[in-house]
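# A look at the structure
Spelled out, the chains give:
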Amino acid sequence: MLLRHIHYFLAVAEHRNFTRAAAALYVSQPALSQQIKQLEESLGTRLFDRSGRRITLTDAGHVYAGYARRALRDLEEGKRAIHDVNDLSRGTLRIAITPTFTPYLIGPLVRRFHRRYANIRLQIEEMSQERMEERLLDDDFDLGIAFDDVHNADIESRFLLEERLALVINRDHPLAGQQSLDAPTLGTLSLALLNAEFATREQIDSYCRQHELQPKVMMEANSVNAVIEMVRNTPLASLLPAQVTQQREDLLALTLTPAELKRNAVLLLRKGAYQSAAARAFISLAEAFSAAE
């Protein structure tokens, strides 16, 4: 059995069609069909049911697909391990982050990392935590930055910092002279919030239910930066990480009382995964940064 057979098998499993799979692989359909036939003969079982209008995996095919994907992932890890340079003179680091960290955390981390390891190529993508965990398991990323509500037992988390949600307002807001805000007053304010795609919004809605509030949401967005601009340019307030105001002179953060909205930010890693020198360096830097905050 050749590695080519596994690639061909997974392509047909993904596309459920020999013609589309052959096009994706840039091979002829007869050649692809012959390779799949050879694979089935070597395994002694049929991997695909070809009787219907669409190609489907047999029970044996479903089982084999899991092992095939794992084998390719392990081989890719092996390739990176071979090319890993421990002196960090070159390499690539792939990081996934949940969007609320972009305005205040990823910038300082990237600045410190690039200053020390300028030849390491960084690939950073924003996504939901659920999607992040899936892609960490698929070895699409070396590490993630998210929250400690981990859903998959094959993902490990390492504490990074405590994030506190606060009422964020601009300096012209009527509440600009206050240091804190109680829950009843929060219920009277017009708000601009992240939409339901964000775990942050779920936490905010839970807080409001707990305090029997009906928030007056006047604007919503699926971008943290968009919500920040709404607050900067309107009388609306928002509930965002207090840290977003640290580098912005035109924004203020008011502490929620009596109960604050807190959650833990963590580094996410696939258990047992190979860690490159670049990944180890970034983890060390991130942990040192959070300890200093």
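Our structure's up above, just so we're on the same page.
First, a word on scope: everything that follows refers to the structure included in this document.

### Digging into the environment of Asp-59
Mapping Asp-59 onto the fold places it in helix 4 (residues 59–83). For Asp-59 and Leu-47, which are 12 residues apart along the polypeptide, the C-alpha to C-alpha distance reads 7.7 Å.

### Quick look at the packing of helix 1 (residues 3–15) against helix 3 (residues 29–43)
One can describe the packing of helix 1 onto helix 3 by two numbers: an axis separation of 9 Å at closest approach and a directional angle of 110°. Considering the angle they form, helix 1 stands roughly perpendicular to helix 3. Contacts between helix 1 and helix 3 involve Arg-4, His-5, Tyr-8, Phe-9 and Val-12 from the former and Leu-32, Gln-35, Ile-36, Gln-38 and Leu-39 from the latter. A per-class count over the contact of helix 1 with helix 3 returns 6 nonpolar, 3 polar and 1 charged.

### Describing the pairing of strand 11 (residues 251–257)
Pairing of strand 6 (residues 155–170) with strand 11, which is carried by 4 bridges, proceeds in the antiparallel orientation. Following the sheet pairing, Asn-170 is matched in strand 11 by Leu-251.

### Considerations on the pairing of strand 9 (residues 216–221)
Sheet topology places strand 8 (residues 190–194) next to strand 9; 5 bridges connect them, and they run parallel. In the strand pairing of strand 9, Leu-191 is matched with Val-217. A crossover connection joins strand 8 to the parallel strand 9 through helix 8 (residues 199–210); in handedness this β-α-β unit is right-handed.

### Some words on the packing of aromatic side chains
What the rule picks out here adds up to 7 aromatic pairs. Between Phe-9 and Phe-48, the aromatic rings sit 5.4 Å apart at their centres with planes inclined by 50°, giving tilted as the arrangement. Remark: Phe-48 occurs in strand 1 (residues 48–49) and Phe-9 occurs in helix 1; sequence separation between them is 39 residues. Assigned by exposure class, Phe-9 and Phe-48 land together as buried. Ring centres of Phe-18 and Phe-48 lie 6.3 Å apart, and the angle between their planes is 70°; this geometry places the pair in the edge-to-face category. Of the two residues, Phe-18 is situated in helix 2 (residues 18–25) and Phe-48 in strand 1; the sequence distance between them amounts to 30 residues. The exposure classification of Phe-18 matches that of Phe-48, with both residues buried. Note that Arg-70 overlies the ring of Tyr-67, its terminal NZ or CZ placed 4.9 Å from the centroid.

### Things to note about the pattern of salt bridges
Applying the stated criterion to the full structure yields 17 salt bridges. Measuring nitrogen to oxygen at the nearest pair gives 3.7 Å for the salt bridge that ties Glu-156 to Arg-158. Residue class for Arg-158 comes out partly exposed when judged on its relative accessible area of 27%. The partner of Arg-232 in a salt bridge is Glu-229, and the shortest N-O contact between them spans 2.7 Å. With a gap of 3 residues between them, Arg-232 and Glu-229 both fall in helix 9 (residues 224–233), about one helical turn apart. Residue classification places Arg-232 among the partly exposed residues on the basis of a relative accessible area of 34%. One salt-bridge network, in which partners are shared between bridges, spans Arg-94, Asp-139, Asp-142 and Arg-270.

### Re the nonpolar core
Membership of the largest hydrophobic core comes to 43 residues, with the highest contact counts inside it found for Leu-93, Leu-105, Leu-143, Ile-145 and Phe-282. The element best represented in this core is helix 10 (residues 277–292), accounting for 9 residues. With residues up to four places along the chain from it excluded, the contact list for Leu-143 reads Leu-93, Arg-94, Ile-95, Ala-96, Leu-136, Leu-267, Leu-268, Leu-269, Ala-279, Phe-282 and Ile-283. Judged by nonpolar contacts, the second largest core, of 21 residues, contains Leu-10, Ala-13, Leu-32 and Phe-48.

Cut-offs used in this document
- Residues numbered from 1 in each chain as written.
- Predicted model: local features only at pLDDT ≥ 70, side-chain atom pairs only at ≥ 80, totals over all residues.
- Heavy atoms only, no water.
- Helix = DSSP H or I, 4+ residues; strand = E, 2+ residues; numbered from the N terminus.
- Axes fitted to C-alpha atoms, helices over the stretch in contact; angles between N-to-C directions.
- Parallel < 35°, antiparallel > 145°, perpendicular 65-115°, else oblique.
- Contact = heavy atoms within 4.5 Å.
- Nonpolar A, V, L, I, M, F, W, Y, C, P; charged D, E, K, R; others polar.
- Pairing = 2+ DSSP bridges.
- Right-handed = clockwise from strand over helix to strand, strands pointing away.
- Phe/Tyr/Trp six-rings, centres within 6.5 Å; stacked < 30°, edge-to-face > 60°.
- Buried < 20%, exposed > 50% of the residue type's maximum accessible area, 1.4 Å probe, protein only.
- Lys NZ or Arg CZ within 6 Å of the ring centre and 35° of its normal.
- Salt bridge = Lys/Arg side-chain N within 4 Å of Asp/Glu carboxyl O.
- Core = buried A, V, L, I, M, F, W, Y, C linked by side-chain atoms within 4.5 Å.

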